[in-house]
Amino acid sequence: MTSTHPLLAAMLSRRSVSPRRLGLPGPSAAQLNVMVDAALRAPDHGRILPWRLIDFGDAQRAALAQLFEDEKRRRTPDATAQDIERARAHATQTPTMLAFIVRPTPGAAVPVHEQWLAAGAALGQLVLAAHVSGFGAIVLSGQRCEDEPLRQALGIAPDETLAGFVSMGTVIAAPLAAPQIDRGRVLSDWTPD
Ligand SMILES: Cc1cc2nc3c(=O)[nH]c(=O)nc-3n(C[C@H](O)[C@H](O)[C@H](O)COP(=O)(O)O)c2cc1C
């Protein structure tokens, strides 16, 4: 396989796209299902599935926006109208909005840190699959993910982590090209003493 392989080219060009650069159309239900299937193909020791997704459909966005607004007001009592609008927009401005939840099983044969790695791998596959499918995507967390009333409203169990929200849609304003990162920062040779 060379760097000209289409999938490899897609992997090398993937980058996150902020919600304000995403618009209609979003992925169809069938396209989104394929992305989830791609996430399910991530390496997962023991096939524990230490993650899950919540899909917020169009009819739920107003309620989600209200939850985001309420959380913002709790966290920042002097939030400006613009702050509130920004919080609400995160819930409504992209065609697809998902919550990504990590749910490791403590005491399983597979250590919890491996389950977290498996969840991260799945999240990576999900956003890569969005890119390969022609859509932009981004994962955003922020302090709202730790807000207990918000977690409860979304049905996040005490032993689960709301890792972030995945926004997806058509790229309507291209982001800057992905920066080149020196691979020497992560790759080294081993030389025995
Ligand atoms: C679980 C998770 C949560 C994230 N939360 C935020 C966030 O709240 N704010 C932010 O600016 N980037 C966040 N990021 C990073 C962006 O999604 C994105 O990866 C980063 O801006 C780098 O862009 P790139 O993916 O194009 O390299 C998060 C990434 C992950 C995996």
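As annotated in an unreviewed UniProt entry, the protein carries the name Putative NAD(P)H nitroreductase and is attributed to Variovorax defluvii. As stated in UniProt under Sequence similarities (unreviewed entry), the record for the protein gives "Belongs to the nitroreductase family."

Caption draft 1: Seen up close, the site of the ligand. The environment of the ligand is made up of Arg-14, Arg-15, Ser-16, Ile-138, Val-139, Leu-140, Ser-141, Gly-142 and Ala-163. Arg-14 is positioned with one of its side-chain polar atoms (N or O) 2.8 Å from an oxygen atom of the ligand. Here an oxygen atom of the ligand and a side-chain polar atom of Ser-16 are 2.5 Å apart. Look at the ligand: alone it shows 610 Å² of surface, and the protein chains cover 51% of it. Grouping the constituent residues of the shell around the ligand by class yields four nonpolar, three polar and two charged.

Caption draft 2: Representation of the environment of Leu-98 within the structure. You can see Leu-98 is positioned in strand E3 (residues 96–102). Separated by 69 residues in the primary sequence, Leu-98 and Ser-167 place their C-alpha atoms 6.5 Å from one another. Once you skip the residues sitting within four places of it in the chain, Leu-98 turns out to touch Leu-32, Leu-53, Ile-54, Asp-55, Phe-56, Leu-126, Gly-164, Phe-165, Val-166 and Met-168.

Caption draft 3: Structural context of helix H4 (residues 81–92). Taking 1.5 Å per residue as the helical rise, H4 with its 12 residues ought to reach 16 Å, and the 16 Å between its terminal C-alpha atoms agrees with that figure. Listing the buried residues of H4 in full gives Ile-84, Ala-87, Ala-89, His-90 and Ala-91.

Caption draft 4: Region of interest: the UniProt feature "domain: Nitroreductase" (unreviewed entry) in the protein. Following the UniProt record, one finds the feature "domain: Nitroreductase" (unreviewed entry) at residues 13–169. Overall, residues 13–169 shows 43% helix and 18% strand. The separation of its end C-alpha atoms is 17 Å.

Caption draft 5: Structural context of the layout of surface pockets. There is about 430 Å³ of room inside the largest pocket. In terms of lining, the largest pocket is formed by Met-11, Leu-12, Arg-14, Arg-15, Leu-128, Ala-178, Pro-179, Gln-180, Ile-181 and Arg-183. Residue composition of the lining of the largest pocket, grouped by class: six nonpolar, one polar and three charged. Taken as a whole, the second largest pocket holds about 330 Å³ of empty space. The wall of the second largest pocket is formed by 16 residues, among which Arg-86, Ala-87, His-90, Leu-140 and Arg-144 lie closest to the centre. Mapped by element, the contributors of at least two residues to the lining of the second largest pocket are helix H3 (61–75) and H4.

Caption draft 6: Fine view of the packing of aromatic side chains. All told, the structure shown has three aromatic pairs when counted by the stated rule. Between Trp-51 and Phe-100, the ring centres sit 5.7 Å apart and the planes meet at 10°, which makes this aromatic pair stacked. On the criterion of sequence distance, the pair formed by Trp-51 in strand E2 (residues 51–55) and Phe-100 in strand E3 is long-range, its members being 49 residues apart. Per residue, the accessibility class of Trp-51 equals that of Phe-100, and both read buried. Ring geometry for Phe-68 against Phe-165: centres 5.0 Å apart, planes inclined by 75°, an arrangement best described as edge-to-face. Residue Phe-68 is found in helix H3, and its partner Phe-165 is found in strand E5 (residues 161–171); the two are separated by 97 residues along the sequence. Note on accessibility: Phe-68 and Phe-165 belong to one class, buried. Following the ring pairs from residue to residue traces out a cluster consisting of Phe-56, Phe-68 and Phe-165.

What counts as what
Residues numbered from 1 in each chain as written. Predicted model: local features only at pLDDT ≥ 70, side-chain atom pairs only at ≥ 80, totals over all residues. Heavy atoms only, no water. UniProt positions renumbered as here; feature names shortened; annotations may be inferred. Near = heavy atom within 4 Å. Polar contact = N/O pair within 3.5 Å; in protein donor to acceptor, adjacent residues only side chain to side chain. Areas by Shrake-Rupley, 256 points an atom, 1.4 Å probe, with all protein chains shown as cover. Nonpolar A, V, L, I, M, F, W, Y, C, P; charged D, E, K, R; others polar. Helix = DSSP H or I, 4+ residues; strand = E, 2+ residues; numbered from the N terminus. Contact = heavy atoms within 4.5 Å. Expected span 1.5 Å × (residues − 1). Buried < 20%, exposed > 50% of the residue type's maximum accessible area, 1.4 Å probe, protein only. 1 Å grid on protein atoms, 1.4 Å probe; cavity = no way out; pocket = protein on both sides within 12 Å on 5 of 7 lines; lining within 4 Å. Points joined across faces, edges and corners; volume = space filled by probe spheres on them. Phe/Tyr/Trp six-rings, centres within 6.5 Å; stacked < 30°, edge-to-face > 60°.

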